[in-house]
Structures are given as C-alpha cells and as structure tokens.
Amino acid sequence: MPENTTLQRVAIVTGAARGIGAATAVRLARDGFAVAVFDLDEAAGARTVETIEKEGGRALAVGCDVSDADQVEAGVARAAAELGAPAALVNNAGILRDNLIFKMTPQEFDAVIGVHLRGAFLMAKACQTYMVDARWGRIVNMSSAAALGNRGQSNYSSAKAGLQALTKTLAIELGPFGVTSNCVAPGFIATEMTEATAERMGITFEEFTDRYARSIPVRRGGRPEDIAQAVSFFAREEAGFVSGQVLYVAGGPKG
Ligand code: NAP
C-alpha cells in the first residue's frame, strides 16, 4: 500500500463497532486501508475509529442500517466523499433470531435474511460502481459454518448459505473489472453474539466456549483476530487471482 494518503485505498466494514467487524476494521487499517466503520449507530463505531486513529490510521464512523436501501446509498456516498471511493467491502453486519422452525415467526426469518443477505446485496451494489470505475476491488462476505445447517437457525443458515452463492455470483459478474469476491465462514468466535447465545442456552460463556473447544481439532475457541487475518488475505493486492472462494476458519474441517 502506498504511504501517500492521497493514494490510500478505502475499505468499508459493516457491523464494525464490535466483535469480528471491529477486529477486521483495525486489521485492514494496519494493512494500509482507510476504513469506514459502518454500524447501526454512528456513536457505537467511535471506539473502533479511535483505536485505528491511535495507531496512526484514518477512519470514519458511519451510522447505517445495511438492510435499508436509502441508508446504504447515503452511507456509501458519505464514505466516498469523506474518505475516498470504496475499494474494499467487508459485509460483516449480522443479527441472530434463533428459534426452532415450528416457533420461528416470519418476522424473525425476514429480519435475519434482511441484515445478512439483503444487506450484503445492497452494500455490494452500492460499492461495486466505484470498484468497477477503478478496475480494482475486493468484496469479502461473512458467512458461517452454520451455512451447512444448524438447529434453531433456519433463518441464519439460509442467509449464510445464500451469502456463499452471492459471493460466487459477484465473482463471476465483477471479475472482468478487477474485482474479487470471497467468503470467510467462521466457526465459533468469542464475541457478544456468542455470549448472548450462551445466555439463551442458560450456560456460562466459559462453559459454552469449553464445550465447543473440546469438539474441534485445534481445541480452542476462535478469536475475532482469527477471522480478521483471513479477511486481510482476501483484501490484499497479491490475492487478485483468488475469487469466488469460501474459506472455513473454524479450527478444523467441520466448524
Ligand atoms: P456481534 O458482536 O453481534 O456484532 C455484530 C455487529 O453488527 C454489531 O455491532 C451490530 O450492531 C451490527 N449490526 C447488526 N445489525 C446491523 C444492521 N442492520 N446494519 C449495520 N450493522 C448492524 O457479532 P459477531 O459475532 O462479531 O459477528 C460478526 C459476523 O460474523 C456476523 O455476520 C456473524 O453472523 C458472523 N459469524 C459470527 C460467528 C461467531 O461465532 N461470533 C460465527 C460465524 C459467523 P448492534 O450492536 O447495534 O446490534
């Protein structure tokens, strides 16, 4: 990455106020990107921005609900105006509304599809125009080991499997313009999202983490930084021949 900031590439990371998104934003800033920290609430992104700026990077917090087409248009336009044209996009924002199929409401199904899948579509649509103009771009979508199916997650698993199909389709459509599209599919990662799952299950987070760690080959829970470094690989200049791929980062082959 050139040191001259006028040539600095810009990355947008959604859901970057905390967890995997925050770690990814910080990592991409260390890699040389200026980073737009998208999250529902602009104030919530301030901590990530502060971390990046303390390390000498450039960042901007943008409040944006990725499932809302108007907010996505406005948010991406603001990032482009204040930081520069987006060259990399990480679709990471996500929510859970777990329930067994007989109890899941259509609203719970739609909410999850709306943030993960519709959100990724809207963000990619808004950003690709800048990437195609520049003949360079990197799109990384956050799937999950749950894409292979998971009890109580018919909404989430469908969204995460859908993201893999979206990734491959974007790779085909945008490849001729220098834009790659790839997917990272994490297994269990310690974040507020998984803390909330442990609470719902009525067990401590420590117990939840231990149970998972014992079930996978590397025998430890994942950390946000484990995922950030996989995203970092796909976003690199040198990864330009890698596209349409799904990388499971799950401490073993099954997640
Ligand atoms: P997290 O701690 O819950 O963080 C998700 C962030 O996304 C939050 O800051 C949240 O904001 C934001 N967000 C939610 N809805 C949004 C919307 N409509 N627009 C913009 N931002 C929104 O989750 P995480 O564990 O870091 O997970 C990040 C991604 O990795 C998700 O896509 C998740 O499905 C995926 N993943 C996680 C794991 C895991 O084990 N943690 C495993 C596989 C995949 P609020 O706080 O305001 O809701």
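A brief look at the structure comes next. Everything quoted here is computed from the prediction, not taken from an experiment.

1. Concerning the nonpolar core
Membership of the largest hydrophobic core comes to 37 residues, with the highest contact counts inside it found for Ile12, Phe38, Val76, Leu89, Met123 and Ile139. Looking at this core, the elements that each hand over two or more residues are β1 (10-14), β2 (34-39), β3 (59-63), α3 (69-82), α4 (106-134) and α5 (154-174). In terms of residues, this core owes the most to one element, α4, which gives 11 residues. Every residue in contact with Ile12, bar those within four places of it in the chain, is listed here: Ala36, Phe38, Val76, Ala79, Pro86, Ala88, Leu89, Val90, Met123 and Cys127. Ile20, Ala25, Val35 and Ala59 belong to the second-largest nonpolar core, a separate cluster that totals 29 residues.

2. Quick look at the side chain of Asp39
Within the secondary structure layout, Asp39 lies in strand β2. No salt bridge is formed by the buried Asp39; its nearest oppositely charged neighbour, Arg18, is found at 6.6 Å. In contact with Asp39, not counting residues within four places along its chain, are Gly15, Ala16, Ala17, Val62, Gly63 and Cys64.

3. Concerning the site of the ligand
Neighbouring the ligand are 29 residues; Arg18, Asp39, Asn92, Tyr156 and Thr191 lie closest to it. Separating an oxygen atom of the ligand from a side-chain N or O atom of Arg18 is a distance of 2.7 Å. In this structure, Gly187 approaches the ligand through a main-chain N or O atom, which is 3.4 Å from an oxygen atom. Expressed as a share of its isolated accessible area of 900 Å², the protein-covered part of the ligand is 90%. Among the elements of the structure, α1 (19-30), α4, α5 and α6 (192-201) are those that each provide at least two residues to the shell around the ligand. With 3 residues, the single largest contributor to the shell around the ligand is α6. Its residues placed into classes, the shell around the ligand shows 14 nonpolar, 10 polar and 5 charged. Counting residues domain by domain, the shell around the ligand receives three or more from each of domain 1 (3-187 + 225-249) and domain 2 (188-221).

Reading guide: rules and limits
- Residues numbered from 1 in each chain as written.
- Predicted model: local features only at pLDDT ≥ 70, side-chain atom pairs only at ≥ 80, totals over all residues.
- Heavy atoms only, no water.
- Core = buried A, V, L, I, M, F, W, Y, C linked by side-chain atoms within 4.5 Å.
- Buried < 20%, exposed > 50% of the residue type's maximum accessible area, 1.4 Å probe, protein only.
- Helix = DSSP H or I, 4+ residues; strand = E, 2+ residues; numbered from the N terminus.
- Contact = heavy atoms within 4.5 Å.
- Lys, Arg positive; Asp, Glu negative; His and termini not counted.
- Salt bridge = Lys/Arg side-chain N within 4 Å of Asp/Glu carboxyl O.
- Near = heavy atom within 4 Å.
- Polar contact = N/O pair within 3.5 Å; in protein donor to acceptor, adjacent residues only side chain to side chain.
- Areas by Shrake-Rupley, 256 points an atom, 1.4 Å probe, with all protein chains shown as cover.
- Nonpolar A, V, L, I, M, F, W, Y, C, P; charged D, E, K, R; others polar.
- Domains from an automatic or database assignment.

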